[in-house]
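Analysis of the macromolecular model
Each chain is listed here by its residues.
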Amino acid sequence: MSSREKLRDVQDRIRNQGWRIEWIPWQGPGRAEYVHNTPLTLFTGLGGAVLFFGSVYLLISGHAQGTALAVGLSGLVMIFAGRLYAAFNKQAGWILLTARCIDREVRECHFPSKGNRKIVWEYRLLCTFTRNGSEYRVTPEASHTAGFRSQDLARKYLDERIGPDGTCRVWVDPGNPLHAVFDHKQRI
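No experiment lies behind these values; they were computed from the predicted model shown.

1. Regarding unusual backbone geometry
What is expected of a backbone is that most residues other than glycine have negative phi and most peptide bonds are trans. Phi is positive for N132, which is not a glycine, with a value near 50°. A relative accessible area of 68% places N132 in the exposed class. A positive phi angle, near 70°, is found at D183, a position not held by glycine. Among the structural elements, D183 can be located in the segment after β5 (176-182). Given a relative accessible area of 11%, D183 falls into the buried group.

Quick look at the structure:
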């Protein structure tokens, strides 16, 4: 097994840990998941990190705090702007389709947070849709960036977006219909 395949195996095990509904990968077999980047987003990410860590150096070396703060904030803004552009760029040509949710799962997730364990609620959906005469079964990515504070809020969110007959909206990459996002495009 190659190192790429081993990485993908680890990613799949982590992604499916604790879930009843198994994730349907949109990447080809043995290909690792990745964060979408363009040359511009690579530049903004690396450039923003350099500015941010440069501001730490400025603070340590005794330069004016105002200058160091401005450099650090500029770096963070640069990183954030690059990620917004990446999300827009990644999903620019995606199409909105009506799908049918055939299964859903809401579960509690724990994340470390300032020495404590933060509890959020996440969901995983199993949806089907037809595109160009072919039927696809997908586990769409969530469009939101943070989990829900309670199980009731997560269920309410899904109930508002999935009809009683299971109909829902998914944004789909026309070049790879297994890559889908639930309800609306991701913002970051």
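2. Some details on the pattern of salt bridges
A complete count under the given rule lists seven salt bridges for this structure. R20 is paired through a salt bridge with D103; the nearest N and O atoms lie 2.7 Å apart. Here the residue R20 occupies a position in the loop between α1 (3-16) and α2 (39-60), and D103 occupies one in strand β1 (residues 95-113), the gap between them amounting to 83 residues. Between R161 and D183 there is a salt bridge, with its nearest N and O atoms 3.0 Å apart. Taken together, the residues span a long stretch of sequence, with R161 in helix α4 (residues 151-161) and D183 in the segment after β5 at a distance of 22 residues.

3. Some points on the environment of R117
Relative to the helices and strands, R117 is located in strand β2 (residues 116-131). Accessibility expressed as a relative area gives 62% for R117, which makes it exposed. Beyond its immediate chain neighbours, meaning those up to four positions away, R117 contacts H110 and F111.

4. Quick word on the side chain of E122
Here E122 is to be found in strand β2. No salt bridge is formed by the buried E122, whose closest oppositely charged neighbour, R124, lies at an N-O distance of 8.8 Å. Of note is the side chain of E122, whose polar atom sits 3.3 Å from the backbone nitrogen of G147. Ignoring sequence-local partners within four residues, the contact set of E122 consists of W19, E105, V106, R107, C109, H144, A146 and G147.

5. A short note on the packing of aromatic side chains
Applying the stated criterion across every chain, the model contains seven aromatic pairs. Both rings, one in F52 and one in F53, keep their centres 5.4 Å apart while their planes meet at 75°; by these two values the pair is edge-to-face. Among the residues examined, F52 registers a relative accessible area of 30% and is labelled partly exposed. In this structure an aromatic cluster arises from ring pairing among Y123, F148, Y157 and F182. Cation over ring: R107 sits above W19, and NZ or CZ is 4.7 Å from the ring centre. The ring centre of W171 lies 4.7 Å from the NZ or CZ of K185, which sits over that ring.

6. A look at the pairing of strand β4 (residues 167-173)
Most of β4 sits inside the fold, with five of its seven residues counted as buried. Inspection of the sheet shows β4 paired to β5 by four bridges, in the antiparallel sense. Of the residues in β5, the one forming a bridge with V170 is F182.

7. Remarks on the nonpolar core
One finds Y123, L125, L158 and F182 to be the most contacted residues of the largest nonpolar core, which totals 20 residues. Those elements giving two or more residues to this core turn out to be β1, β2, α4, β4 and β5. If you tally residues by element for this core, the top one is β2, at five residues. Setting aside its immediate chain neighbours within four residues, L125 contacts C101, D103, R104, V138, T139, P140, L158, I162 and F182.

The rules behind these values
- Residues numbered from 1 in each chain as written.
- Predicted model: local features only at pLDDT ≥ 70, side-chain atom pairs only at ≥ 80, totals over all residues.
- Heavy atoms only, no water.
- Buried < 20%, exposed > 50% of the residue type's maximum accessible area, 1.4 Å probe, protein only.
- Helix = DSSP H or I, 4+ residues; strand = E, 2+ residues; numbered from the N terminus.
- Salt bridge = Lys/Arg side-chain N within 4 Å of Asp/Glu carboxyl O.
- Contact = heavy atoms within 4.5 Å.
- Lys, Arg positive; Asp, Glu negative; His and termini not counted.
- Polar contact = N/O pair within 3.5 Å; in protein donor to acceptor, adjacent residues only side chain to side chain.
- Phe/Tyr/Trp six-rings, centres within 6.5 Å; stacked < 30°, edge-to-face > 60°.
- Lys NZ or Arg CZ within 6 Å of the ring centre and 35° of its normal.
- Pairing = 2+ DSSP bridges.
- Core = buried A, V, L, I, M, F, W, Y, C linked by side-chain atoms within 4.5 Å.

None of the figures reported here should be taken as evidence of function without further support.
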